[in-house]
Amino acid sequence: MKIKFCGASSGVTGSCHLLTSGDHKILLDCGQFQGGKAQDALNYEEFPFNPAEIECVILSHAHIDHCGRIPLLVKRGFQGKIICTDATADLLDIMLKDSGYIHEKEAEWQNRKGERAGKEMVEPLYTFQDAVDSLQFIEPVRYDQQIRINDDMKVVFNDAGHILGSAIIELWVTENGKESKIVFSGDLGEVDRPILRDPTYIKHGDYVIMESTYGSRLHPENGRSIKELIDIVIKTIKRGGNVVIPSFAVGRTQELIFEFNRFFDDNSEYKKDIENVKVYIDSPMATNATEIFQKNAQVFDEETKQYILSGDNPLDFPNLVFTRSSEESRQLNMDQTPKVIISASGMCEAGRIRHHLKHNLWDKKNSIVFVGYQAAGTLGRAIIDGEKTVTLFGEDITINAEIYNLEGFSGHADQDGLFAWAAAFQQPPKQLFLVHGEEESKLAFADLIEEKLGYRPVVILGNAEYELDMETAQILNYKEAQEEGVWYEDVQNVRNKLSGIHDNLEHILYNADLAMGGKNITEEQLINIKNIMQELDKATLNLGEAVTEHYNSFASHEEQSEE
């Protein structure tokens, strides 16, 4: 059996792992890369496999970094099954369509901008219709239901407690008459969180692929974050400001609604301070997702079910307002009444949240509250890392608003939660692969497992393929795979640095345009800057190919020297 890590190997996005056994090829997830230009460019590269040869996609959950390239996979030839839980199937209908729509609109915007600069037109990664076309391949299943994929493979989905429908995958593979069990954690949630059940502990697994997003960090207690959030809202409203919360449309938004509902139901001494404050959910996808949550109450935890049985809708309260139209969204920034705005996307890379940041970041009366993980390279990460100025829609915005990062709301298990899940195996897996984490996080978590459990996981540091001997459980090409992964990691680091230079030059160009208006720069100088920008664009697009060619040439020279 071979396992090829094709995404979420150098960071936390683009989850995609290829399993090959005999004539069977299946994917665990097919997610989109997120986190700035360098990561986005990865989405346009060819898959490191032939999509037409993939028998099925086993999907852990509906977040875009796990499902967002499924329409592209279909567009490039995949015609197999997409197996996921029934709740995930419901969410995919809105997630993928919304993603296709966003890709179309981004391409339109780039082409309008590019046409003025004399650049070639770009195609969207995929379209709304591509997303619709991909939905026909979905085959929903229930939790704890064993499904036979083919004569040699069967699968069970277990609740991961991360978002609605999220799953831990148990996959049994028979090869040469011997059956082995592969466990894929997907994204693991925290215990004792609102709405969702706790993640399932798996007792046995031969080969485990495990996420490590927070492998080096602990969350504050969730209760403390809820109190902090309410305190922030009260303080901000009293000074006449808005509270803007970038939030993932699926999962985090519904948890926030649940917590605000509990607050407004409670006779807290603080309630009078904000009892008339409106809480706006300004995301059509979040609105649709909330409706899907309400119709999938069978997978809620017991506390939430008791709310429903008592006649209280835990995902609604009088102060809650859902906005659907663009005009309603624009009006929120025209209205001077203090308010709470919850809007997608959670990492501020697309969607209406960027407009709300443009209108609120500059004003010191306002507060921006982050309640989820911010991947490296995203706008959200730049803001919480202390950037003083960001560019939104071609305009420099100075950050004067108060910035908060409430990690207690994270939908991911922290280091303690991850360790508890890994320690629940009754005996150590034959191989444990750590993915879906930044390098520091994976290495720290591997050290903890080695210290506490006595074995060393394989830390995946880049796209590489590992060949397993199913009899001995040994990795047959460990050294080669590690070297390939490190090489891939180095290439990505170069790409990220070049992307950063590109962003800085865009900032320079923007200010040069402003200076041009003030006659402080000649037209010839401005043209030269634009020429540099275009050359850098070409360099960014061709970097992977150029570096690989250089590496191959170097490797060939080394071989000749050895001879």
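Here the residue numbering is sequential within each chain, running from 1 through the sequence in written order. Thresholds applied to this predicted model are a pLDDT of at least 70 for local features of residues and 80 or more for the giving and counting of side-chain atom pairs; totals over whole chains, interfaces and linings are not thresholded and use all residues. As a rule here, side-chain values cover all heavy atoms of the structure and leave hydrogens and water aside.

## With respect to the overall build of the protein
Each helix is a run of H or I in the DSSP string that is no shorter than four residues. Each strand is a run of E no shorter than two, and both are numbered from the N terminus. From N to C terminus, the protein includes 17 helices and 22 strands. Throughout this description, buried means an accessible area under 20% of the type-specific maximum (1.4 Å probe, protein chains only), exposed means over 50%, and partly exposed covers the range between. Per-residue burial over the protein gives 54% buried out of 563 residues. By definition, residues are in contact when any of their heavy atoms lie within 4.5 Å. At a minimum sequence separation of 6, the contacts of the protein that also span at least 24 residues come to 74%. Only carbon and sulfur atoms are counted for the fraction: they give 48% of the accessible area of the protein, which is about 24,800 Å². Surface exposure here means Shrake-Rupley accessible area, sampled with a 1.4 Å probe, where a residue is shielded only by the protein chains that are shown.

## Remarks on the state of the cysteines
The disulfide criterion used throughout: a pair of cysteine sulfur atoms within 2.5 Å. Evaluated as defined, the whole model comprises zero disulfides. Cys-30 forms no disulfide, and the closest cysteine sulfur to it belongs to Cys-16, at a distance of 4.6 Å. For Cys-67, which is in no disulfide, the shortest distance to another cysteine sulfur is to Cys-30 and amounts to 9.2 Å.

## Regarding the pairing of strand S20 (residues 431–435)
Within S20, five of the five residues are buried, leaving the element largely enclosed by the surrounding structure. Two strands qualify as a pair provided DSSP detects at least 2 bridges between them. One ladder, built from five bridges, connects strand S11 (residues 207–211) with S20; its direction is parallel. Within S20, the residue paired with Glu-211 across the bridge is Val-435. Pairing geometry for S20 and strand S21 (residues 458–459), over two bridges, is parallel. Within S21, the residue paired with Phe-433 across the bridge is Val-458. In the classification by handedness, the crossover that spans S20, the intervening helix H15 (residues 439–453) and the parallel S21 is right-handed. Crossovers are described as right-handed under a simple rule: with the strands pointing away from the observer, the path leading from the first strand over the helix to the second runs clockwise.

## Here's the deal with the environment of Val-156
Positionally, Val-156 belongs in strand S8 (residues 153–159). Relative accessible area serves as the criterion here: at 8%, Val-156 is assigned to the buried category. Every residue in contact with Val-156, bar those within four places of it in the chain, is listed here: Asp-144, Gln-145, Gln-146, Ile-168, Ile-169, Glu-170 and Trp-172.

## Some remarks on the sheet that holds strand S9 (residues 167–175)
One open sheet accounts for seven strands, arranged S7-S8-S9-S10-S11-S20-S21; its pairing is mixed. The open sheet has two edge strands with one neighbour each: strand S7 (147–150) and S21. Here three bridges tie strand S10 (residues 178–184) to S11, and the two strands are oriented parallel to one another. Among the inter-strand pairings, Phe-184 is bridged to a residue of S11, identified as Ile-209. Helix-sheet contacts for helix H14 (residues 415–423) involve S9, S10 and S11, and the interaxial angle to S11 is about 170 degrees. Angles shown run from 0 to 180 degrees and are taken between the N-to-C directions of axes, each axis being a line fitted to C-alpha atoms and, for helices, limited to the stretch in contact. In this fold H15 packs onto S11, S20 and S21, with an angle of close to 150 degrees to the strand it touches most, S20.

## Observations concerning unusual backbone geometry
In this structure, Ser-345 follows Ala-344 across a cis peptide bond, with omega equal to 10 degrees. With respect to the helices and strands, Ser-345 occurs in the loop between strand S15 (340–343) and helix H12 (353–360). The phi torsion at Cys-348 lies on the positive side, around 65 degrees, for a residue other than glycine. Residue position: Cys-348 is located in the loop between S15 and H12. You will see that His-436, though not glycine, has its phi angle at about 50 degrees, which is positive. If you trace the backbone, His-436 turns up in the loop between S20 and H15.

## A closer look at the side chain of Glu-170
Here Glu-170 lies in strand S9. Looking at Glu-170, its side chain comes within polar contact range of the side chain of Lys-181, at 2.5 Å. When sequence neighbours within four positions are dropped, the list of residues in contact with Glu-170 reads Lys-154, Val-155, Val-156, Asn-158, Lys-181, Ile-182 and Ile-202. A 3.5 Å cut-off defines polar contacts: any pair of N or O atoms within that distance qualifies, except that in protein one atom must be a possible hydrogen donor and the other a possible acceptor, and neighbouring residues in sequence count only when both atoms are side-chain atoms.

## Digging into helix H9 (residues 284–295)
The length a helix should cover is 1.5 Å for every residue beyond the first. Between its terminal C-alpha atoms H9 stretches 17 Å, which fits the 16 Å expected from twelve residues at 1.5 Å a residue. Every buried residue of H9 is accounted for by Met-285, Ala-286, Thr-287, Ala-289, Thr-290, Ile-292 and Phe-293. Structurally, H9 contributes buried residues whose contacts are with helix H4 (86–117), helix H7 (252–265), strand S13 (279–281) and strand S14 (320–322).

## Section: the sheet that holds strand S6 (residues 138–141)
In any sheet, the strands associate via hydrogen bonds between backbone groups, in a parallel or an antiparallel arrangement. Spatial ordering of the open sheet is given by S6-S5-S4-S3-S2-S1-S22, a layout of seven strands whose pairing is mixed. The open sheet has two free edges, formed respectively by S6 and strand S22 (464–467), since each of these has just one partner strand. Looking at each pair of strands side by side, their axes are set apart by 25 degrees on average, direction ignored. Two elements, strand S5 (residues 81–85) and S6, share four bridges in a ladder whose sense is parallel. In the strand pairing of S6, Thr-85 is matched with Val-141. Against the sheet, H4 touches S5 and S6, its axis set at about 115 degrees to S5.

## Details of the nonpolar core
Ile-58, Leu-171, Phe-260 and Phe-433 are the most contacted members of the largest nonpolar core, which has 111 residues in total. The residues contacting Leu-171, other than those within four sequence positions of it, are Leu-19, Ile-26, Ile-58, Ile-149, Met-153, Lys-154, Val-155, Ser-180, Lys-181 and Ile-182. In these notes, a set of buried Ala, Val, Leu, Ile, Met, Phe, Trp, Tyr and Cys residues joined through side-chain atoms within 4.5 Å is what counts as a nonpolar core. Counting residues in each nonpolar core, the second largest holds 21 residues, with Leu-188, Val-208, Ala-422 and Tyr-455 among its members.

## Section: the packing of helix H11 (residues 326–334) against H12
Put simply, H11 and H12 touch, their axes get as near as 10 Å, and they point 15 degrees apart. When the interaxial angle is binned, H11 and H12 end up roughly parallel. In terms of crossing hand, the pair formed by H11 and H12 is right-handed. Note on element contacts: H12 touches H11 through His-355, His-356, His-359 and Asn-360, opposite Ser-329, Leu-332 and Asn-333. Here is the rule for angles: anything less than 35 degrees is roughly parallel, anything more than 145 is roughly antiparallel, 65 through 115 is roughly perpendicular, and the remaining ranges are oblique. In a left-handed crossing the near helix is turned counterclockwise from the far helix by less than a right angle, and in a right-handed crossing that turn is clockwise.

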